[in-house]
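An overview of the molecular structure
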Amino acid sequence: MLLFAFVVLVPSARGVYYAFTDWDGLSPDFSWVGFGNFTDMAVDPNARQAIWHTLVLAVAITIIQNGVGLLLALGVNTMIKSRNVLRVFLFAPAVITPIVTAYLWRNLLGPDGAVNSLLGTVGLGSWRQDWLGDPQLALWAIVGVIVWQFAGYSMVIFLAGLQSVPKEIYEAAAIDGTGPVRRFWWVVRPLLAPAFTINLMLSIIGGIKLFDQVYALTGGGPGHATDTISTLIYKEAFTLGEFGYSIALAVVLTVIVAVASTSQYFVLSRNERAAS
Amino acid sequence: MKIRTLAAVAAAVTVASLLAACSSGTNAGSGGGDGKTLTLASVDQGSIEDVVKAFEAANPGVKVNFTTSGADQYQQQIRTQLASGTAPDVMTVWPGNGNPGATYVLAKPGYLLDLSDQPWAAKLPDAVRRVAQYEGRTYNALFGLNGIGALYNEQAMQKVGLQPPGTWTDLLAFCKAATAKGTPAFALGIQDNWVTQLVLYALVATTVHAADRDFDTKMQAGQASFANSPWTTAMAKYQEMNASGCFQRNPLGTSYEASQELAATGKTLGIIQGNWVVALLKGKNPASTYVLKPLPATDDPASFFMPAAAGAGYGVNAKAKNKDLALKFVNFVMSPEGMKVFNGKQGSLPSLPDSGSAVDPGIAELNTFIQGNRTVPFMDQLWPNAKVQQTMLSGLQEIFSNQSTADKVLAAMDADYRSGS
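Residues numbered from 1 in each chain as written. Chains lettered and ligands numbered in written order. Predicted model: local features only at pLDDT ≥ 70, side-chain atom pairs only at ≥ 80, totals over all residues.

Our next topic: the overall build of chain A. Of regular secondary structure, chain A possesses 13 helices and zero strands. Going from N to C terminus, chain A has its helices and strands arranged as α-α-α-α-α-α-α-α-α-α-α-α-α. Along the three orthogonal principal directions, the C-alpha set of chain A runs to about 75 × 55 × 30 Å. Within chain A, the fraction of its 276 residues that count as buried is 41%. Residue pairs at least 24 apart in sequence account for 73% of intrachain contacts in chain A once pairs closer than 6 positions are excluded. (Helix = DSSP H or I, 4+ residues; strand = E, 2+ residues; numbered from the N terminus. Buried ≥ 20, exposed ≤ 12 C-beta atoms within 10 Å, placed from the backbone. Contact = placed C-beta atoms within 7 Å.)

What follows deals with the overall build of chain B. The secondary structure content of chain B amounts to 17 helices and 13 strands. Over its C-alpha atoms, taken along the principal directions, chain B stretches across nearly 65 × 65 × 45 Å. Intrachain contacts of chain B at a sequence separation of at least 6 include 77% that bridge at least 24 residues.

So, on to the interface of chain B and chain A. Taken residue by residue, the interface counts 43 residues in chain B and 45 residues in chain A. Secondary-structure elements contributing two or more residues to the side of chain B that touches chain A are helix H1 (2-20), helix H3 (71-84) and helix H16 (386-400) of chain B. Sort the elements by how many residues they give to the side of chain B that touches chain A and H1(B) lands first, with 12 residues. Its residues placed into classes, the side of chain B that touches chain A shows 19 nonpolar, 19 polar and five charged. (Nonpolar A, V, L, I, M, F, W, Y, C, P; charged D, E, K, R; others polar.)

All right, on to helix H7 (residues 168-180) of chain B then. All names here are of chain B. Counted at 1.5 Å a residue, the expected span for H7 with its 13 residues is 18 Å, and the 19 Å between its end C-alpha atoms agrees. Along H7, the residues that are buried comprise Trp168, Leu171, Leu172, Phe174, Cys175 and Ala178. Considered in projection along H7, the buried side chains sweep an arc of 155 degrees and stay on one side of the axis. With respect to the buried face of H7, the exposed residues turned more than 90 degrees away are Thr169 and Ala180. On the buried face of H7, the contacting elements are helix H6 (154-160) and helix H10 (231-243). Directly beyond the C-terminal end of H7, a positive phi value near 85 degrees is found at Gly182. (Expected span 1.5 Å × (residues − 1). Arc of directions from axis to C-beta.)

What follows covers the domain arrangement of chain B. When cut into domains, chain B gives domain 1 (32-142 + 311-351) and domain 2 (146-308 + 377-418). Between domain 1 of chain B and domain 2 of chain B, the residue contacts involve 12 residues of the former and 13 residues of the latter. (Domains from an automatic or database assignment.)

Residue and element names in this part refer to chain B. Of all residues in chain B, 91% have pLDDT values of 70 or greater, and the mean over the chain is 88. The least confident element of chain B is H1, whose mean pLDDT is 41; the most confident is strand S7 (residues 186-187), at 98. Residue range residues 1-31 is modelled with pLDDT below 50. Its contacts to residues more than four positions away, or to other chains, number 70 contacts. Two numbers describe this predicted complex: its pTM, 0.84, and its ipTM, 0.86. (pLDDT = per-residue confidence, 0-100.)

What follows is about the nonpolar core. B:Val330 and B:Val333 are the most contacted members of the largest nonpolar core, which totals 133 residues. Per-element accounting of this core gives the leading share, 10 residues, to helix H8 (residues 196-210) of chain B. Shared between two domains, this core holds at least three residues of each, these being domain 1 (32-142 + 311-351) and domain 2 (146-308 + 377-418) of chain B. In terms of nonpolar packing, the next biggest core, distinct from the first, is built from 62 residues, A:Leu200, A:Val252, A:Val257 and A:Ala260 among them. (Core = buried A, V, L, I, M, F, W, Y, C linked by C-beta atoms within 7 Å.)

Residue and element names in this part refer to chain B. Within the open sheet, the four strands sit side by side as S2-S1-S3-S11. Their pairing is mixed. Each edge of the open sheet carries a strand with a single partner, namely strand S2 (63-68) and strand S11 (313-316). Between one strand axis and the next, the sheet turns by 25 degrees as a mean value, whatever way the strands run. Across six bridges, strand S1 (residues 37-42) lies against S2 in parallel orientation. Residue Thr39 lies in a different strand from S2, and its bridge partner there is Asn65. Where helix H2 (residues 48-58) meets the sheet, it contacts S1 and S2, and its direction lies at approximately 175 degrees from that of S2. Together, S1, strand S3 (90-93) and S11 form the strand contacts of helix H13 (residues 323-333), whose direction differs from that of S11 by roughly 160 degrees. (Pairing = 2+ DSSP bridges. Axes fitted to C-alpha atoms, helices over the stretch in contact; angles between N-to-C directions.)

All names here are of chain B. At a closest axis distance of 9 Å, the pairing of H16 and helix H17 (residues 406-418) adopts a crossing angle of 170 degrees. As the angle between them shows, H16 and H17 are arranged roughly antiparallel. Mapping the contact onto sequence places Lys387, Val388, Thr391, Met392, Gly395, Leu396 and Ile399 in H16 and Ala406, Val409, Ala412, Met413, Asp416 and Tyr417 in H17. Classifying every residue of the contact of H16 with H17 by side-chain character gives nine nonpolar, two polar and two charged. (Parallel < 35°, antiparallel > 145°, perpendicular 65-115°, else oblique.)

Residues and elements named next belong to chain B. Position of Pro286 relative to the elements: it lies in the loop between helix H12 (277-284) and strand S9 (290-293). For Pro286, a count of 8 C-beta atoms within 10 Å gives the class exposed. Note: C-alpha distance between Pro286 and Ala264 (22 residues apart in sequence) is 8.8 Å.

In this section: the pairing of S1(B). Residue and element names in this part refer to chain B. By the criterion of burial, S1 is predominantly enclosed, with five of the six residues buried. At this point the chain moves from S1, through H2, to the parallel S2, and the crossover so formed is right-handed. In this sheet, S3 lies alongside S1 in parallel orientation, the contact comprising two bridges. Looking at S3, one finds that Ala41 is bridged to Met91. (Right-handed = clockwise from strand over helix to strand, strands pointing away.)

A separate point is the pairing of S9(B). Residue and element names in this part refer to chain B. Burial along S9 is one-sided: Tyr290 and Leu292 are buried, and none of Val291 and Lys293, which face the opposite way, are. Pairing of strand S6 (residues 144-153) with S9, which is carried by four bridges, proceeds in the antiparallel orientation. If you follow Asn153 over to S9, its bridge partner there is Tyr290.

All names here are of chain B. With respect to the element layout, Glu261 can be found in helix H11 (residues 256-264). With 18 C-beta atoms packed within 10 Å, Glu261 lands in the partly exposed category. Along the primary structure Glu261 and Gly283 are separated by 22 residues, whereas in three dimensions their C-alpha atoms are 10.0 Å apart.

All names here are of chain B. With respect to the helices and strands, Leu352 occurs in the loop between strand S12 (349-350) and helix H15 (364-371). As for Leu352 and Lys181, which are separated by 171 residues in sequence, their C-alpha atoms are 43 Å apart. Residues contacting Leu352, with those up to four places away along its chain left out, are Trp120, Lys123, Met334 and Met339.

This is the structure we're talking about:
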């Protein structure tokens, strides 16, 4: 605990102090500005936009990634022959460094990239898009890349949950004449509650803190169309030298992560208890 | 549960603490050098290696420990190192103001050694000296000059049978003719937002600065603004170029790297860029040759100006461990021998007139403009803070994606300009 306090808590508290100053990250002189950085944030359209994008990304990634992950888990939990190969194949993107996949997708999603070429080849030329250059699409392209990479990760956690469901329960439900959908909803889903808790928690925290993929794919652009709180923190600190303001944004990010993860934990663990 | 929640909170708070960790200033970088080992941090990837080799050869027994990185990463790293007293002896420093690693920004808190009494300092041309100095003292060894203009791929031009346009009217006709031949005129990779400014700067040089050489002074005195100046004309011309098909489709989804590919392989007839891109284009297509011309912004070629300015140079850490060796290194960089290696490798022009370096024939016209005093520094170098440029860069992306208008962007730039340093 002492080590934790020394390594994490004390520097963090010191960091928070700078959120109330106009420190530029370089000069030894700075002044106390009270809540100035926070009031600036309230009227800064870029900050408001970044907070909104962060929430949209976190919610969309959490829902889609876990939805896809669950479907994949159900798919590879069947007795199909190639299930082991599929498991490895689907999990593979999750072990690649996110920045590498982001740069890869940046090329694939370019105007003359593989995605548009493929659409052209299969006769869907009218679907070709400027995926990362169109402000209406760019945020969703980021969601797509992250889901592509981490759906396999969610799948593995769900799969572990599915494999711990005793066979007898399945068989008993089948003997009682329950169809596959009802069997999933009434038998499997409650037993997967711990897997849901872990997956939702991980993806919501990951979604809120998202930085590297966004930075590599769009740099927060076009304009500020895909800026998240994390990319804005980086830009304010290291491009504009507004360290005080940047740390204030980091404090807000901390509060959002804490509130989201704590409340989600309470809700899901209550559901877990209800299910057990 | 308590521990888990605490851990989640702590993990996120670390973001704040990481930033805060940069604040603890020490004197770790001062004193204690052995006089034989120089530490150096540079952004001149691909050229500093040869300079270091030449310096080591000229100074037997001396070892240079150097690191290179991209500009974004470098600016982040150098600020942290300077604030914590762990910066290298010699480091890349940008001219003027306007970015986090610029002369004014680093000299103001006293991080750079005064180089005013070095032999080359008094010889710097006025336009270069202005951006190498802070409050009348020289802090930056600026060795090279770069310019922005229209770079034409000579083989691609030959293939379609078109000539570089000489006036604004010709330029629009050239764009249409190029499109008609299936090869767009210029590659534009504005997914990387710093690229957005280059066409605008090339237009502003003529539309704003050729007509009013004191525009910067007037801006500083509060007697001029972006929104009520020919900056509006330049913005309109930039958009007109886009509407006339001067650029390939989807420039917002095209990266700097991809734009180089287009220009180097003749999928466009050229690219509006700085001369530094020539080496990169030749790297992608060694057989290609390029010629740099001013981008026509009016119908009077005599009024054309080109943006040309000192590229990044080198500063000496005020707390350098090996001050003498550090000075020796920057003096080597500024010597005819050092400049020849550096500028030759980078494809830039030497900043000192008597360096004896040969000029690449492809950028001869830029040299003519410099000699004829028909250049202006890159506009951001004399702006009071980094925010004006960032507002312009993201604003231009917003204009291209119909999220904003030129008037709104120029007004926002004025507001940032007036907010001071």
